[in-house]
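Inside the fold
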Amino acid sequence: MENGHLLRFRDIHDADWKNTGHLTPIEGMGEVPFAIQRVYYITGVSGEASRGYHAHKTLEQILICLHGSVRVRLQTAQFEKEYLLDDPFTGLYVGQMAWHEMYDFQNEAVLLVLASEHYDEADYIRDIQAFLKLLEEAGE
Ligand code: T46
């Protein structure tokens, strides 16, 4: 799957959905193209704050905004793009070598992340210059 790909998840509901709501199933190696090894979520971020500012060497992740909204900037060898995540039925694929920044958290945003590996600080590239150098060395 390409960095920046937007996945659309199922919205299971009945005719009385305004009362009974929605159910969205997500299975590893199903809707998500990897076995899910870790789940975490980010809450309580103010609209002025931002997070991320790193890339991963091998990790694959899907970002889903369950409540509120958040903007995500992705930078890869191929493109630089901003995404607005504002519904629980859309997932943003962030794979290897994608610099990502999350900002403009609104309306008590809840950002859920499904990850392909357990947490490993050695997989992070936290220095933008080092990230750009790696892209250059890879000839991308
Ligand atoms: C991404 C966004 C959405 C852990 O101990 N376990 C974990 O699973 C994670 C993700 C983090 N941590 C520790 C490591 C740091 O001491 O929590 C602290 C903050 O982690 P990080 O700098 O990774 O947080 P964010 O919000 O900047 O970024 C994270 C993911 O790393 C990132 O890939 O997509 O959330």
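A short tour of the structure in this document, coming up. (Residues numbered from 1 in each chain as written. Predicted model: local features only at pLDDT ≥ 70, side-chain atom pairs only at ≥ 80, totals over all residues. Heavy atoms only, no water.)

1. Here we look at the overall build of the chain
Filter applied, for reference: Runs of H or I in DSSP of at least four residues are treated as helices and runs of E of at least two as strands, each being numbered from the N terminus. Atoms counted for the radius of gyration: C-alpha only. Globule rule: 2.2 Å times the number of residues to the power 0.38. Between buried and exposed lies partly exposed: a residue is buried under 20% and exposed over 50% of the maximum accessible area for its type, with that area taken using a 1.4 Å probe on protein chains only. Any pair of residues with heavy atoms lying within 4.5 Å of one another is described as a contacting pair. For accessible areas, the Shrake-Rupley method is used with a probe of radius 1.4 Å. Any residue's cover is judged against the shown protein chains and nothing else. In this tally Asp and Glu are treated as negative and Lys and Arg as positive; neither His nor the chain ends contributes. The location of each charge is read from NZ of Lys, CZ of Arg, CG of Asp or CD of Glu.
A tally of helices and strands in the chain yields two helices and eight strands. Counting helices and strands in the order they occur from the N terminus, the chain gives β-α-β-β-β-β-β-β-β-α. At 16 Å, the chain has a C-alpha radius of gyration in line with the 14 Å of a compact globule built from 140 residues. Expressed along its principal axes, the backbone C-alpha trace of the chain runs to roughly 55 × 35 × 25 Å. Within the span of the chain, comprising 140 residues, buried residues form 40% of the whole. Across the chain, contacts joining residues at least 24 apart in sequence account for 76% of those joining residues at least 6 apart. A total accessible area of about 8100 Å² is found for the chain, and carbon and sulfur atoms account for 48% of it. Put simply, the chain has 11 plus and 23 minus side-chain charges, and the middle of one group is 1 Å from the middle of the other.

2. Focus on the environment of Leu6
Within the fold, Leu6 resides in strand E1 (residues 6-8). Remark: the alpha-carbon pair of Leu6 and Trp17, spanning eleven residues in sequence, is separated by 25 Å. With sequence-adjacent residues up to four places away left out, Leu6 is seen in contact with Tyr83, Leu85, Thr90, Gly91 and Leu92.

3. Brief notes about the packing of aromatic side chains
Two numbers describe a pair of aromatic rings. These are the distance of the centres and the angle of the planes. We apply this condition: Working definition: rings of Phe, Tyr and Trp (its six-membered ring) pair if their centres are within 6.5 Å, and the pair is stacked with planes under 30 degrees apart, edge-to-face with planes over 60 apart, and tilted otherwise.
By the definition in use, this model includes two aromatic pairs. Ring plane angle 40 degrees and centroid distance 5.5 Å describe the contact between Trp99 and Phe131, whose orientation is recorded as tilted. Of this pair, Trp99 sits in strand E7 (residues 99-115) while Phe131 sits in helix H2 (residues 128-137), and the two are 32 residues apart along the sequence. Taken as a pair, Trp99 and Phe131 share a single burial class, namely buried. Between the aromatic rings of Tyr119 and Tyr124, the centroid separation amounts to 5.9 Å while the plane-to-plane angle is 65 degrees, which identifies the pairing as edge-to-face. By relative accessible area, which is 48% here, Tyr119 ends up partly exposed. Taking the relative accessible area as the measure of exposure, Tyr124 reaches 17% and is therefore buried.

4. So, the pattern of salt bridges
Keep this limit in mind: For this document, the term salt bridge refers to a Lys or Arg side-chain nitrogen within 4 Å of an Asp or Glu carboxyl oxygen.
Overall, the coordinates contain eight salt bridges when judged by the stated rule. Measuring nitrogen to oxygen at the nearest pair gives 2.9 Å for the salt bridge that ties Arg71 to Asp104. One end of the pair, Arg71, is in strand E4 (residues 61-75); the other, Asp104, is in strand E7, and 33 residues separate them in sequence. Exposure remark for Arg71: the relative accessible area of 26% places this residue in the partly exposed category. Arg126 serves as the salt-bridge partner of Glu121, at 2.8 Å between the closest nitrogen and oxygen. Judged by relative accessible area, which is 36%, Glu121 ranks as partly exposed. Classification of Arg126 by relative accessible area gives partly exposed; the value is 46%. One salt-bridge network, in which partners are shared between bridges, spans Arg71, Glu82 and Asp104.

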